[in-house]
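Topology and contacts: notes
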Amino acid sequence: ATDTTDLFRNLERAGVLVGRVARADSLARALRADLATASREACAGRSPPFESVLLVLSSDPPMTAGRGTWMTTLLDAACLRNAFDDVASPWPTVSMEAITARQPHWILTSMATPGQRLDALRSKPGWRGLDAVKAGRVLEVSGDLLARAGPSLPDAVRAIDAARRAI
């Protein structure tokens, strides 16, 4: 799935294929409601303009999410603004110069051992010069939550919010 529309369309198709349309509709409504609840919780006390975040899918070469992706929707739900939401390509490879020019307030990446990604970014040329890395504003979230669009989207919003509050 590229975006959340694809996610819900795939859920609907699966319901048709297995003869459980009503159940698939029920699951889709529950997922939308849980995502809205997670977003309200994450956004409590925050107002636009939201802080920018770079979602790091790969650091060498840097790859992120662009406009219209489910990952951008996920960031929006967490009251963060995708630093590359103006890029039409869904999964662009970007230059360190472009990242440096945008100076995202946060870096979001998958978690290894807690703190390991921050340490790794602090050791890499280009990355270590980013204000977010210098200040330790690196959000580490389970890779399982960032790997695919699915029923765990509300959990991903909550994990991003929890990581942000911990810093």
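Residues numbered from 1 in each chain as written. Predicted model: local features only at pLDDT ≥ 70, side-chain atom pairs only at ≥ 80, totals over all residues. Heavy atoms only, no water.

Membership of the largest hydrophobic core comes to 28 residues, with the highest contact counts inside it found for L55, L74, L80, L108, L139, V157 and I160. Listing elements by their share of this core, those giving two or more residues are helix 1 (4–17), helix 2 (21–43), strand 1 (52–55), helix 3 (70–77), strand 5 (106–110), strand 6 (138–141), helix 7 (143–146) and helix 8 (153–166). Setting aside its immediate chain neighbours within four residues, I160 contacts L74, A78, L80, L108, L139 and V141. In terms of nonpolar packing, the next biggest core, distinct from the first, is built from 15 residues, L54, W127, L130 and V138 among them. (Core = buried A, V, L, I, M, F, W, Y, C linked by side-chain atoms within 4.5 Å. Buried < 20%, exposed > 50% of the residue type's maximum accessible area, 1.4 Å probe, protein only. Helix = DSSP H or I, 4+ residues; strand = E, 2+ residues; numbered from the N terminus. Contact = heavy atoms within 4.5 Å.)

Relative to the elements of secondary structure, A22 occurs in helix 2. Judged by its relative accessible area of 61%, A22 is exposed. The spatial distance from the C-alpha of A22 to the C-alpha of S152 is 21 Å, given a sequence separation of 130 residues.

Another point: the state of the cysteines. Across all of its chains, the model carries one disulfide by this definition. Across a sulfur-sulfur distance of 1.6 Å, C43 and C79 are joined as a disulfide pair. An S-S torsion of about 105° defines the bridge between C43 and C79 as right-handed. Of this pair, C43 sits in helix 2 while C79 sits in the loop between helix 3 and strand 4 (81–82), and the two are 36 residues apart along the sequence. Across this residue pair, the class does not change: C43 and C79 are buried. (Disulfide = S-S within 2.5 Å.)

What the rule picks out here adds up to six salt bridges. One salt bridge in this structure joins R158 and E41, with 3.3 Å as the shortest N-O distance. Here R158, found in helix 8, pairs with E41, found in helix 2; they are 117 residues apart in sequence, far enough to count as distant. Classification of E41 as partly exposed rests on a relative accessible area of 41%. The residue R165 makes a salt bridge to D161 at a minimum N-O spacing of 2.9 Å. Residue R165 and its partner D161 are both found in helix 8; the two are separated by four residues, about one turn of the helix. According to the relative accessible area criterion, D161 is buried, its value standing at 10%. (Salt bridge = Lys/Arg side-chain N within 4 Å of Asp/Glu carboxyl O.)

Our next topic: the sheet that holds strand 4. Here four strands make up an open sheet; going across it, the order is 4-1-5-6 and the pairing parallel. Edge positions in the open sheet fall to strand 4 and strand 6, since each of these has one partner strand only. Of the strands in this sheet, strand 1, strand 4 and strand 5 are in contact with helix 3, which crosses strand 1 at around 145°. Against the sheet, helix 8 makes contact with strand 5 and strand 6, and its axis sits at roughly 140° relative to strand 6, the strand it touches most. (Pairing = 2+ DSSP bridges. Axes fitted to C-alpha atoms, helices over the stretch in contact; angles between N-to-C directions.)

Another aspect to go through is the side chain of T72. Looking at the secondary structure, you find T72 in helix 3. When sequence neighbours within four positions are dropped, the list of residues in contact with T72 reads A65, G66, R67, N82 and D85.

Here the focus is the pairing of strand 5. Most of strand 5 is tucked away: four of the five residues are buried. Two elements, strand 1 and strand 5, share three bridges in a ladder whose sense is parallel. From the neighbouring strand, V53 faces strand 5, where its bridge partner is W106.

Right, let's talk about the layout of surface pockets for a bit. Put simply, the largest pocket is a space of about 170 Å³. Lining the largest pocket, in full, are V56, L57, S58, S59, T109, S110, Q116, R117, A120, L121 and K124. Of all the elements in the fold, those that place two or more residues in the lining of the largest pocket are strand 2 (58–59), strand 5 and helix 5 (116–122). If one sorts the elements of the lining of the largest pocket by residue count, helix 5 sits on top with four residues. Here the residues of the lining of the largest pocket are counted per class, giving four nonpolar, five polar and two charged. (1 Å grid on protein atoms, 1.4 Å probe; cavity = no way out; pocket = protein on both sides within 12 Å on 5 of 7 lines; lining within 4 Å. Points joined across faces, edges and corners; volume = space filled by probe spheres on them. Nonpolar A, V, L, I, M, F, W, Y, C, P; charged D, E, K, R; others polar.)

Read these as layout, nothing more, since geometry by itself doesn't imply function.
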